[in-house]
Amino acid sequence: MGWTGDPVWLADVLRAAGLDVIEHEGWRDRGHGDFRDIRGVLCHHTAGGGKNDWRIVQDGRADLPGPLAQLVLERDGTFRVIAAGVCWHAGRGSWPGWPTDNANYHVIGIEAVSRGDGTDWTPGQLDAYKRGCAAILARLGRDAEDCVAHREYSHEGKIDPAGIDMDEFRGEVQAFIDGEDAPMSASEVTQIQDFITAFCGPIGTDVKDIREQLCGSQQRDAGMFAGWDQLDGMTVVDAMADILDRLKALESPLE
């Protein structure tokens, strides 16, 4: 299995994986010529971290004409589809099963927006990174072994994507490909949290409020049972027990 030619299906495949996608005008016709057979995904960081990093990826630099990758992954997990044709992103390097020093014609590049120091990845971005790689590799008929960091491929001292353990990353990508024990997406977790909050209220705060009502004023965090002044220093439970005792006394036959 595999794919020969340009990946004009990129936007559709990413959306089918539940990811947010922005299609840049003319992306299907943008690139430095056509792909040969596509063998994997090469993962990068932009080393900028700003909201306009995509412009450099699309338009290039003074020393290198754009496009510089097929995809840009924003910090909120949105994919920008920049180009379907070949992009200048791989440089010189090698990886098993890939042509040495010629990966541009055989792998899809993803530039994830990041400063490049490994400290500013967002949960939504990392989740989308893994899901996006898995969706593309599944479409190519490849597994997670062809999901490669630029630093793993490069013979030019590249460090990207900094701060990501690629063995762990590939493990989760493969789980998404296989559809087995894949973790929930950040958006799915948020949906569950929002549902619980709407249905029950903010759980952490409510539990403390209930504890205070039962145990006494200003007891939310103290873990004590000082009771309420208006209940003669009794907790709600003690006050109810006292009321019950008094009722039983009233109901007892007079001696």
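Just so it is clear, the structure is predicted and the values come from calculations on it, not from any experiment. (Residues numbered from 1 in each chain as written. Predicted model: local features only at pLDDT ≥ 70, side-chain atom pairs only at ≥ 80, totals over all residues. Heavy atoms only, no water.)

Visitor: Help me out: how do you make sense of the layout of surface pockets in this one?
Guide: To find leftover empty space, a probe the size of one water molecule is rolled over the atoms. Approximately 480 Å³ is the volume found for the largest pocket. Considering each element in turn, the lining of the largest pocket owes the most residues, three residues, to helix H2 (residues 53-59). A class-by-class count of the residues in the lining of the largest pocket yields eight nonpolar, seven polar and six charged. (1 Å grid on protein atoms, 1.4 Å probe; cavity = no way out; pocket = protein on both sides within 12 Å on 5 of 7 lines; lining within 4 Å. Points joined across faces, edges and corners; volume = space filled by probe spheres on them. Helix = DSSP H or I, 4+ residues; strand = E, 2+ residues; numbered from the N terminus. Nonpolar A, V, L, I, M, F, W, Y, C, P; charged D, E, K, R; others polar.)

Visitor: Looking at this model, I keep getting lost on the pattern of salt bridges. Mind explaining?
Guide: Between side chains of opposite charge, pairing is possible as soon as their charged atoms come close. For the structure on display, the rule yields 14 salt bridges. Between Arg-115 and Asp-117 there is a salt bridge; the shortest N-O distance is 3.3 Å. One network of salt bridges, in which partners are shared, links Arg-75, Arg-115, Asp-117 and Asp-120. (Salt bridge = Lys/Arg side-chain N within 4 Å of Asp/Glu carboxyl O.)

Visitor: Would you take a moment to explain the environment of Cys-133 for this structure?
Guide: As for its placement among the helices and strands, Cys-133 is situated in helix H3 (residues 123-140). Judged by relative accessible area, Cys-133 falls into the buried class, the value being 0%. Along the sequence, Cys-133 and Asp-146 sit 13 residues apart, while their C-alpha atoms lie 9.5 Å from each other. If we ignore the near neighbours within four places in the chain, the residues touching Cys-133 are Val-41, Cys-43, Ile-110, Cys-147, Phe-169 and Val-173. (Buried < 20%, exposed > 50% of the residue type's maximum accessible area, 1.4 Å probe, protein only. Contact = heavy atoms within 4.5 Å.)

Visitor: What is the right way to read the pairing of strand S9 (residues 107-112) from this model?
Guide: On a regular strand, one side chain projects to one face of the sheet and the next to the other, so that they alternate. For S9, the tally of buried residues reaches six of six residues, placing the bulk of the element in the interior. Judged from the six bridges that link them, strand S4 (residues 40-45) and S9 form a sheet pairing that is parallel. Note on S9: the bridge partner recorded for Gly-40 is Val-107. When strand S7 (residues 71-73) meets S9, the two strands line up parallel, connected through three bridges. (Pairing = 2+ DSSP bridges.)

Visitor: Just checking my understanding: could you explain the side chain of Asp-53 for this structure?
Guide: Within the secondary structure, Asp-53 sits in helix H2. One buried charged residue, Asp-53, remains without a salt bridge, the closest side chain of opposite sign being Arg-75 at 8.6 Å. Only 2.7 Å separates the side chain of Asp-53 from the backbone nitrogen of Gly-49, close enough to count as a polar contact. Look past the residues within four positions of Asp-53 in its chain and what remains in contact with it is Thr-46, Gly-48, Val-113 and Ser-114. (Lys, Arg positive; Asp, Glu negative; His and termini not counted. Polar contact = N/O pair within 3.5 Å; in protein donor to acceptor, adjacent residues only side chain to side chain.)

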